[in-house]
Amino acid sequence: MVYLSGSTPRRSPARRLARILIGLAAVSLIVWGLASIPYDILRAERSRLFGEEVTSGLVLKLRTDQDPDHPHAKVVIEYTYVDPDGYARRAEARLPDSLWRQYRPGTVIKVLLVRGRPDIARIPDEVEPAFQVWLRNLMN
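What you are looking at is a predicted structure, and each value in this text was computed from that prediction instead of being measured.

## With respect to the overall build of the protein chain
Right, so step 1: A tally of helices and strands in the protein chain yields three helices and five strands.
Right, so step 2: Its helices and strands in sequence order give the protein chain the pattern α-α-β-β-β-β-β-α, from N to C terminus.
Right, so step 3: Computed over its C-alpha atoms, the radius of gyration of the protein chain comes to 25 Å, more than 25% above the 14 Å expected for a compact globule of 140 residues.
Right, so step 4: The principal-axis extent of the C-alpha atoms belonging to the protein chain is close to 85 × 35 × 20 Å.
Right, so step 5: A fraction of 59% describes how many contacts in the protein chain between residues 6 or more apart in sequence connect residues 24 or more apart.
Right, so step 6: Roughly 10100 Å² of accessible area belongs to the protein chain as shown, and the carbon and sulfur atoms make up 58% of that amount.

Okay, structure coming up:
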């Protein structure tokens, strides 16, 4: 049915209120979703799209640390590596409990560097947030 100007049926106050509430809920959901995105992970994974370089590192320390997000990964290693520019850098990585014997102080490890961003490094066995793993699998 076609309504000409001025002849549209008026909405009832209940319908107006329902439309306003649905609109507020939709806007709130969008704002909440955008605020909960971990942008540091997005930036790191965007940089990894340009490729990763492999270098070697040296395990310096091995310790245990409780983390409620990763209850089965208490082992944390501190390691050092040399980036392609020749700077020695330090980093930490959380590992699954089953790998604690492989990463003793003095062990040489493989380190993956982001091409063009050597400050972003990881080791292959590192425990990462589920969102980051999902995003990496999505982009590959």
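## What about the packing of aromatic side chains?
Right, so step 1: Tallied over the full model, the rule gives two aromatic pairs.
Right, so step 2: Geometrically, the ring pair formed by Y79 and Y81 is tilted, given 6.0 Å between the ring centres and 35° between the ring planes.
Right, so step 3: Residue class for Y79 comes out buried when judged on its relative accessible area of 0%.
Right, so step 4: Between F131 and W134, the ring centres sit 5.9 Å apart and the planes meet at 35°, which makes this aromatic pair tilted.

## Describing the nonpolar core
Right, so step 1: I77, Y79, Y81, Y103, I109, V111 and I123 are the most contacted members of the largest nonpolar core, which totals 15 residues.
Right, so step 2: Within the residue set of this core, elements represented by two or more residues are β2 (75-82), β3 (88-95) and β4 (108-114).
Right, so step 3: Among the elements that make up this core, the one with the highest residue count is β2 (four residues).

## Some remarks on a positive patch on the surface
Right, so step 1: Taken together, the side chains of R10, R11, R15, R16 and R19 make up a positively charged region of the molecular surface.
Right, so step 2: Mapping R16 onto the fold places it in helix α1 (residues 13-35).
Right, so step 3: A relative accessible area of 44% places R16 in the partly exposed class.

What counts, and where the lines are drawn
Here the residue numbering is sequential within each chain, running from 1 through the sequence in written order. Under the rules for a predicted model, residues below a pLDDT of 70 receive no local features and side-chain atom pairs below 80 are neither given nor counted, while totals for whole chains, interfaces and linings still include all residues. Hydrogens are left out, water is left out, and the side-chain values use all remaining heavy atoms of the structure. Helix numbering and strand numbering both begin at the N terminus, where a helix is a DSSP run of H or I of at least 4 residues and a strand a DSSP run of E of at least 2. Between the two quantities, the radius of gyration covers C-alpha atoms and the globule rule is 2.2 Å times the number of residues to the power 0.38. By definition, residues are in contact when any of their heavy atoms lie within 4.5 Å. To measure how exposed things are, a 1.4 Å probe is used in the Shrake-Rupley method; for residues, cover is taken only from the protein chains shown. Any pair of Phe, Tyr and Trp rings, taking the six-membered ring for Trp, is counted once the centres come within 6.5 Å. Such a pair is stacked with planes under 30 degrees apart, edge-to-face with planes over 60 apart, and tilted for the rest. For the exposure calls, accessible area comes from a 1.4 Å probe over protein chains only, and a residue counts as buried if that area is under 20% of its type's maximum, exposed if over 50%, partly exposed in between. We call a set of buried Ala, Val, Leu, Ile, Met, Phe, Trp, Tyr and Cys residues a nonpolar core when their side-chain atoms join them within 4.5 Å. Two distance rules govern patches: like charges are joined within 9 Å, and nonpolar side chains (Val, Leu, Ile, Met, Phe, Trp, Tyr) within 5 Å, applied only to residues with over 30% relative accessible area and no salt bridge. Salt bridge, as used here: a side-chain nitrogen of Lys or Arg that lies within 4 Å of a carboxyl oxygen of Asp or Glu. His is not counted here, nor are the chain ends, while Lys and Arg score as positive and Asp and Glu score as negative. Just so you know, the charge point we use is NZ for Lys, CZ for Arg, CG for Asp and CD for Glu.

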